[in-house]
Amino acid sequence: MSGFESFVGINPWTALFTFCNMIITFLVLKKFLFKPVKQMIDDRQREIDGMYEQADAARREAQALEMQYQTRMEEIRRESDALLREASARAREREAQIMAEAQQSARAAREAAQRQIEQQRKKAVNELKDEIGGIAVDIAARVVEREVREEDHRALIDDFIRQVGDAS
């Protein structure tokens, strides 16, 4: 075998020692390199998985908050619509109340003015009656004082008409 050994260059003892050396190197590398590296990769994977879980939780929370926000916005919109309708109704009621009060006030003022006009008219009629009565008494006194002729009678009537015209 020396010819084959020299040609191929394989020594079985060298091959065995190389194989054993390779297994020992593999075991040492596995123990001191592969396991820590695998541990580091697994830790990093767990960290990344945790980050994904946190991101998913944050996304779910954001969706839940968005749904709450949308719900709250819809409630606010409905409340504002209800408040606007209520305010409009109150404004219409107040407008009707103000109009009714104004009409009632105008009616009362008109009635008061009519009563006052009626009182003034009655007062003027009474004054006119008193004045006419006084004039009639004056005329009667003048007629009684003297004998009435037709010219005197006309003069008394013209005088009476003048005095009534001046009084009004």
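Relevant structure appears above.
First, a word on what this report is: a plain description of the structure on this page. (Residues numbered from 1 in each chain as written. Predicted model: local features only at pLDDT ≥ 70, side-chain atom pairs only at ≥ 80, totals over all residues. Heavy atoms only, no water.)

1. Side note on the overall build of the chain
No. 1: Along the backbone of the chain there are three helices and zero strands.
No. 2: Along the chain, from the amino end to the carboxyl end, the secondary structure elements read α-α-α.
No. 3: Each of the 168 residues in the chain was classed as buried or not, and the buried ones make up 2%.
No. 4: Element-wise, carbon and sulfur atoms account for 59% of the exposed surface of the chain, whose accessible area totals about 14,900 Å². (Helix = DSSP H or I, 4+ residues; strand = E, 2+ residues; numbered from the N terminus. Buried < 20%, exposed > 50% of the residue type's maximum accessible area, 1.4 Å probe, protein only. Areas by Shrake-Rupley, 256 points an atom, 1.4 Å probe, with all protein chains shown as cover.)

2. With respect to the environment of Ile-135
No. 1: Topologically, Ile-135 is positioned in helix α2 (residues 12-145).
No. 2: A relative accessible area of 7% places Ile-135 in the buried class.
No. 3: For the pair Ile-135 and Phe-160, spaced 25 residues apart in sequence, the C-alpha to C-alpha distance is 7.0 Å.

3. Section: a nonpolar patch on the surface
No. 1: On the surface, a cluster of nonpolar side chains totalling about 1,000 Å² of accessible area is made up of Phe-19, Met-22, Ile-23, Phe-26, Leu-27, Leu-29, Leu-33, Phe-34, Val-37, Met-40 and Ile-41.
No. 2: Take Val-37: it is sitting in helix α2. (Patch = residues over 30% accessible without salt bridge, like charges linked within 9 Å, V, L, I, M, F, W, Y side chains within 5 Å. Salt bridge = Lys/Arg side-chain N within 4 Å of Asp/Glu carboxyl O.)

4. Re the pattern of salt bridges
Where charged atoms from two side chains of opposite charge approach closely, those side chains can pair.
No. 1: Tallied over the entire structure, the rule returns 10 salt bridges.
No. 2: Between Glu-86 and Arg-90 there is a salt bridge; the shortest N-O distance is 3.0 Å. Residue Glu-86 and its partner Arg-90 are located together in helix α2, separated by four residues, close to a single helical turn.
No. 3: Across the pair Arg-121 and Glu-118 runs a salt bridge whose closest N-O atoms are separated by 2.5 Å. On the criterion of helical spacing, the pair formed by Arg-121 and Glu-118 is a turn pair, its members being three residues apart in helix α2.
No. 4: Owing to a relative accessible area of 30%, Glu-118 belongs among the partly exposed residues under this scheme.
No. 5: Here the residues in one salt-bridge network are Arg-72, Glu-75 and Glu-79, joined through shared partners.

5. Side note on the packing of aromatic side chains
No. 1: Within the structure shown, the criterion is met by one aromatic pair.
No. 2: A ring pair is formed by Phe-26 and Phe-34, whose centres lie 6.1 Å apart and whose planes are at 55°; its orientation type is tilted.
No. 3: According to the relative accessible area criterion, Phe-26 is partly exposed, its value standing at 46%.
No. 4: Classification of Phe-34 as partly exposed rests on a relative accessible area of 39%. (Phe/Tyr/Trp six-rings, centres within 6.5 Å; stacked < 30°, edge-to-face > 60°.)

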